[in-house]
Structures are given as structure tokens and as C-alpha cells.
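Summary of structural features
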Amino acid sequence: MFRLTYKQVRIPLKRTFTISRGSRDAIDVVYVALESEGITGYGEAAPNHRYNETAESVTGVFKSFESGGIKNPFDSLHVNEYIGSLHQSEFSAKAALEMAVLDWVGKKLKTPVHRLWNAPSITGPKTSFTIGIDEPSLIAGKVKEAEGYPILKVKLGSPYDREIIEEIRKATDKPVLVDANEGWKTVDEAMDNIRFLAGMNIELIEQPMPSSMHAEMTILKQQSEIPLIADESFTGREDLGTLSDAFHGINIKLMKTGSMRVAMQKIAEARIHGLKVMIGCMVETSLADTASAILSLWADYADIDGHLLVSRNPFTGVVVNKDGYVTLNDLDGLGVELKEDIFD
Ligand SMILES: [Mg+2]
């Protein structure tokens with residue numbers, strides 16, 4: 001029998017975070033604690049409006065969790081089947097529950113999850129650090145603040161995309177990734193931007209156009225000199241063969257797939273289709289980022305900077321080492337430790 005407790009927590013951000021869809025100063029995450037036999041596993045849901053999720057909708061899923069629902073926590077298929085039965089969508093809630101089960105299983109077996117899964121290393125790729133949309137005049141300062149991170153990810157889809165990139169390139173020659181967050185609305189607009197970015201030494205572009213514009217994006221893929229990565233176009237439930245017509249790679253996020261196990265399957269499936277794999281995150285805290293970091297051990301790119309953007313982290317876990325690499329620890333379970341009494 002598992003006892004589930006959950007707690008909604010408001011997490012302020014270090015800086016207002018702006019992307020093509022809007023701005024945020026804080027996020028509402030919901031943490032779960034799953035207890036049985038004196039062992040507690042933890043999970044985090046970071047609901048996202050883009051996928052019609054809120055802290056309230058996530059909490060609704062946790063309310064329907066039954067203490068006898070998970071009969072065998074070591075049977076991952078059964079665990080995912082039970083969690084899947086709680087709701088049709090609400091994938092961030094499902095991700096949190098599965099995280100808590102895996103954390104519990106690792107602690108019960110006194111083994112880190114990355115070791116249970118035979119990870120090749122405890123060090124993932126270098127993570128990119130995100131620079132949100134801002135006034136071009138403020139960009140140089142943001143590049144300075146990000147000086148400890150070797151790769152920048154720049155949010156575009158604003159009225160002044162080119163000025164932002166010109167300011168970035170005046171300030172640094174670091175590798176730069178671009179994320180348009182569906183911000184370019186026609187093939188002509190997107191191709192103009194892609195040609196400009198190709199001249200600015202940009203490594204890759206995430207989600208140039210709305211996910212509904214698959215046909216348009218297949219045209220972009222044929223013409224783009226820069227690899228294109230699907231984020232909003234890839235939730236974890238699309239056909240990867242079809243997606244590979246429009247993209248060179250996919251950004252896998254736990255809050256979209258709703259499951260670390262499913263994410264691992266998608267990494268393998270992406271390889272079959274010749275797709276590059278990025279492990280990304282929502283704006284979220286160290287607990288969810290630690291689970292994402294485990295997946296990144298098998299990925300080409302890591303964009304796991306949620307925990308670096310927030311000013312409150314109730315858990316410790318993954319760290320970004322001095323060279324920028326995502327680095328796990330050898331603690332049992334996911335590798336997280338609670339350091340605030342959030343469940344009291
Ligand atoms: Mg993205």
C-alpha cells in the first residue's frame with residue numbers, strides 16, 4: 001500500500017522569463033511523496049498551459065490516486081498502466097507519479113536509478129542555458145550573466161529576433177541554439193529567419209513554426225541548412241517516421257511524455273529514424289530536472305536548466321559541473337534530497 005501526499009508550491013523565478021507565448025515571474029509546481037514500508041519516493045509535476053495543464057488539474061489527478069492501485073512497484077508496465085488509467089492526458093501529473101515510484105524502487109533496492117538502468121556514465125551532455133526574449137539592449141547583460149555556461153539557448157519569435165541575435169553574436173562566439181516556440185507563422189518568414197541564422201553560426205533551431213503546420217515544416221526541412229528540432233510538435237505520442245519528414249531531431253521532455261520509461265523508448269525509437277535526441281525540461285525545479293538528467297545520459301543534447309532559472313529549490317539533485325556538463329550523483333533512487341519541510 002502506498003500513501004500519496006502532494007503539495008502545490010509557488011516557485012519564484014530569478015528573472016521574468018519571456019518566450020513567444022508570454023511572460024512569467026513564478027511557476028506553480030506540485031510535488032508528490034509516495035510512502036510505503038518507511039521509504040518515501042518523490043516526484044514533481046510542472047504543469048504547462050501550452051498543454052492545457054494547471055496546478056489544479058494536476059492535483060485533480062493526485063486526488064484520484066488509490067493507495068492500493070500500484071500492486072507491484074517493480075513491474076514498470078503495471079505501474080505505467082495504473083498511472084495511465086487515472087486520466088486521459090495530464091502528463092505532468094503522470095510524470096510526477098512515475099518519478100516517485102522509481103525513486104521509491106531505487107531507494108528500496110539501495111541503488112541509483114541510473115545504475116538500475118545501466119547508464120553508460122553519470123555525466124550527460126553539456127546543458128544549454130536559456131536566454132528569454134528581452135529588449136535587445138539588455139541581451140549583452142544576459143550573456144554576461146550566463147558566462148558560466150558553455151552553450152546558450154536563445155528564445156526567439158519576437159518582433160526583434162534579428163537584433164537579439166546580433167547582440168548575442170557581438171557579445172559571444174559560444175555555440176548558440178535558437179528556440180522559436182512556434183513563433184514564425186509562414187514558410188517565407190521562417191526561411192528568411194533560418195537563412196539569417198545560418199549566417200550567424202547557429203547550431204540548431206527548435207520548433208520554428210506552430211505544431212499544426214507540419215506540411216510547412218517539411219518544406220523547411222528540405223531547405224534549412226540548420227538542423228530543426230521538434231518540441232511542441234513532439235509530445236511523445238506522434239509517429240516518429242512522420243515527424244522525421246519535418247525535423248532532424250526531437251526534444252523529449254518528461255512533462256510531455258509523462259513517463260521516464262516511455263521517454264527511454266522514444267530515445268531508442270528516434271535512433272531508428274535517424275533523429276537526434278535532445279532532453280529538455282519545462283521551467284521546473286531540481287527534482288524533475290534530476291529525472292530528466294538521467295535520460296540525458298543517452299542523449300545528444302541536454303537542455304536541463306529549469307533548476308538554474310528558479311530562485312527556490314526544495315530539493316537538491318543534478319548539478320551542472322564547472323565545464324557545463326549535467327552531472328548526477330550516486331544517491332539511491334533518482335538522486336534527490338528534500339531540504340525544505342514542504343509536506344508538513
Ligand atoms: Mg522548446
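Computed from a predicted model, the values in this text were never measured in an experiment.

Rules of the game
Residues numbered from 1 in each chain as written. Predicted model: local features only at pLDDT ≥ 70, side-chain atom pairs only at ≥ 80, totals over all residues. Helix = DSSP H or I, 4+ residues; strand = E, 2+ residues; numbered from the N terminus. Rg over C-alpha atoms; globule rule 2.2 N^0.38 Å. Buried ≥ 20, exposed ≤ 12 C-beta atoms within 10 Å, placed from the backbone. Contact = placed C-beta atoms within 7 Å. Domains from an automatic or database assignment. Nonpolar A, V, L, I, M, F, W, Y, C, P; charged D, E, K, R; others polar. Pairing = 2+ DSSP bridges. Right-handed = clockwise from strand over helix to strand, strands pointing away. Core = buried A, V, L, I, M, F, W, Y, C linked by C-beta atoms within 7 Å. Axes fitted to C-alpha atoms, helices over the stretch in contact; angles between N-to-C directions. Parallel < 35°, antiparallel > 145°, perpendicular 65-115°, else oblique. Left-handed = near helix turned anticlockwise from the far one by under 90°.

Glancing now at the overall build of the protein. Secondary structure assignment for the protein yields 13 helices and 16 strands. Rg of the C-alpha trace for the protein: 20 Å, near the compact-globule value of 20 Å for 344 residues, within the 12% margin. With respect to the principal axes defined by its C-alpha atoms, the protein has extents near 60 × 40 × 40 Å. Among the 344 residues that make up the protein, the fraction classed as buried is 49%. Of the contacts formed within the protein by residues at least 6 apart in sequence, a portion of 67% connects residues at least 24 apart.

Turning our attention to the domain arrangement of the protein. Assigned domains of the protein: these are domain 1 (3–110) and domain 2 (116–338). For domain 1 and domain 2, the distance between their C-alpha centres works out to 22 Å. With 35 residues of domain 1 at the interface, the matching set in domain 2 holds 38 residues. Put simply, the parts of the chain that give the side of domain 1 that touches domain 2 at least two residues each are strand 1 (3–19), strand 2 (22–36), strand 3 (39–45), helix 2 (76–85) and helix 3 (91–108). Partitioning the side of domain 1 that touches domain 2 into residue classes produces 17 nonpolar, eight polar and 10 charged.

Here we come to the pairing of strand 5 (residues 128–131). Because side chains alternate across strand 5, one face comprises the buried residues Ser128 and Thr130, and the other comprises Phe129 and Ile131, equally buried. Sheet topology note: the strand 5/strand 6 (residues 151–155) ladder contains four bridges and is parallel. Following the sheet pairing, threonine 130 is matched in strand 6 by lysine 153. Handedness of the crossover joining strand 5 and strand 6 through helix 5 (residues 136–145): right-handed.

It is worth spelling out the nonpolar core at this point. Counting residues in hydrophobic clusters, the biggest one holds 102 residues, and the most contacted among them are Val32 and Ile205. Counting residues per element, this core draws most heavily on helix 3, which supplies 11 residues. When residues of this core are assigned to domains, at least three map to each of domain 1 (3–110) and domain 2 (116–338). If we ignore the near neighbours within four places in the chain, the residues touching isoleucine 205 are Val178, Ala180, Ile194, Leu197, Ile226, Leu228 and Ile229.

What follows is about the packing of helix 11 (residues 260–272) against helix 12 (residues 286–296). Here helix 11 crosses helix 12 at 25°, and the two axes come no closer than 10 Å. Relative to helix 12, the element helix 11 lies roughly parallel. Along this stretch, helix 11 crosses helix 12, giving a crossing that reads as right-handed. Facing helix 11, whose interface residues are Met260, Ala263 and Met264, helix 12 presents Ala291, Ile294 and Leu295. For the contact of helix 11 with helix 12, the residue count by class is six nonpolar, no polar and no charged.

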